[in-house]
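# Commentary on secondary and tertiary structure
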Amino acid sequence: DACVSINDGISGFDLHGVRSFHTHFRDCRAYGGPLLAANNKSAFRIGNTSHTCGDYDVLMENCYVFGCNAVNNLATYTGTAFEMFGASSGVVVRGCSFSDCSVGMRIGNNSNFDAELNTDIVVEGCEFKRMTTMLDIDGESTNKDVRRMIFSNNTSIQNSNHFVFI
């Protein structure tokens, strides 16, 4: 059976950047909501903004995220469907659907150690619907944040921007 997260606080599914290995999310569902309407809310989080060790060999397959959106009926927040922070590697996101979120996918640096990279990332066969920002791939830090990323066979539907790496 699939795992389900409904209206959870800061994160629905969170590996937390504590050097977890070989973690697989299959057929999981995450639904946003007004609980703890914080601007750092995300449905799936790999790595952490302050822990430097990251997470490794992560598979997210056939998962669905709905409603981590900027204006919820009861609260306003900037929510993200999928976030990844350094130094995580070997992450595959396959066949997932992200709908009605402020940010579809954010990949960024670790605020405590800018040199940590996210490497070997594959995003394939995913669908992004009605996002304010579909992709937020941070390449602005001193050492950049992403190395070796494959983005293939994905679909953009009614997003404010389409396949723009910002």
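Residues numbered from 1 in each chain as written. Predicted model: local features only at pLDDT ≥ 70, side-chain atom pairs only at ≥ 80, totals over all residues. Heavy atoms only, no water.

### Topic: the sheet that holds strand β8 (residues 80-85)
- The sheet built from five strands is open, its strands ordered β2-β5-β8-β11-β14 with parallel pairing. The outermost strands of the open sheet, each flanked by one partner alone, are β2 (11-14) and β14 (133-137). If you compare each strand with its neighbour and ignore which way they point, the axes differ by 15° on average.
- By the bridge criterion, five bridges tie β8 to strand β11 (residues 103-108) in an arrangement that is parallel. (Pairing = 2+ DSSP bridges. Helix = DSSP H or I, 4+ residues; strand = E, 2+ residues; numbered from the N terminus. Axes fitted to C-alpha atoms, helices over the stretch in contact; angles between N-to-C directions.)

### Some thoughts on unusual backbone geometry
- Even without being a glycine, R130 presents a positive backbone phi close to 50°.
- Tracing the backbone through its elements, the reader meets R130 in the loop between β13 (127-129) and β14.
- Phi is positive for Q158, close to 55°, though the residue is something other than glycine.
- Along the chain, the position of Q158 falls in the segment after β16 (155-157).

### Quick word on the pattern of salt bridges
- Inspection of every chain in the model, using the stated rule, returns nine salt bridges.
- Across the salt bridge formed by D136 and R106, the nearest N and O atoms sit 3.0 Å from each other. Of this pair, D136 sits in strand β14 while R106 is found in strand β11, placing the two residues 30 residues apart along the sequence. The pair D136 / R106 is uniform in exposure class, with both members buried.
- Among the charged side chains, a network of salt bridges with common partners joins R26, E61, R94 and E124. (Salt bridge = Lys/Arg side-chain N within 4 Å of Asp/Glu carboxyl O. Buried < 20%, exposed > 50% of the residue type's maximum accessible area, 1.4 Å probe, protein only.)

### Notes on the pairing of strand β6 (residues 54-61)
- Within β6, seven of the eight residues are buried, which leaves it mostly tucked inside the rest of the structure.
- Bridge analysis of β6 against strand β9 (residues 89-94) gives five bridges, and the strand direction is parallel. Each bridged residue has a counterpart across the sheet, and for M60 the counterpart in β9 is V93.

### Remarks on the packing of aromatic side chains
- In this structure the tally under the stated criterion is four aromatic pairs.
- A network of ring pairs unites the aromatic residues F98, F128 and F151 as a single cluster. (Phe/Tyr/Trp six-rings, centres within 6.5 Å; stacked < 30°, edge-to-face > 60°.)

### Description of the sheet that holds strand β4 (residues 29-31)
- Strand order in the open sheet formed by six strands is β1-β4-β7-β10-β13-β16, with parallel pairing between adjacent strands. Looking at the sheet topology across the chains shown, the edges are occupied by β1 (4-6) and β16. On average, each strand axis in the sheet is tilted by 5° relative to the strand beside it, whichever way the strands run.
- Both strand β10 (residues 97-99) and β13 contribute to a ladder of three bridges, which runs parallel. Residue pairing across strands places F98 opposite F128, the latter belonging to β13.

### Observations regarding the environment of N118
- As for its position among the elements, N118 is in strand β12 (residues 118-124).
- Measuring from C-alpha to C-alpha, the distance between N118 and G86 comes to 4.9 Å, with 32 residues separating the pair along the chain.

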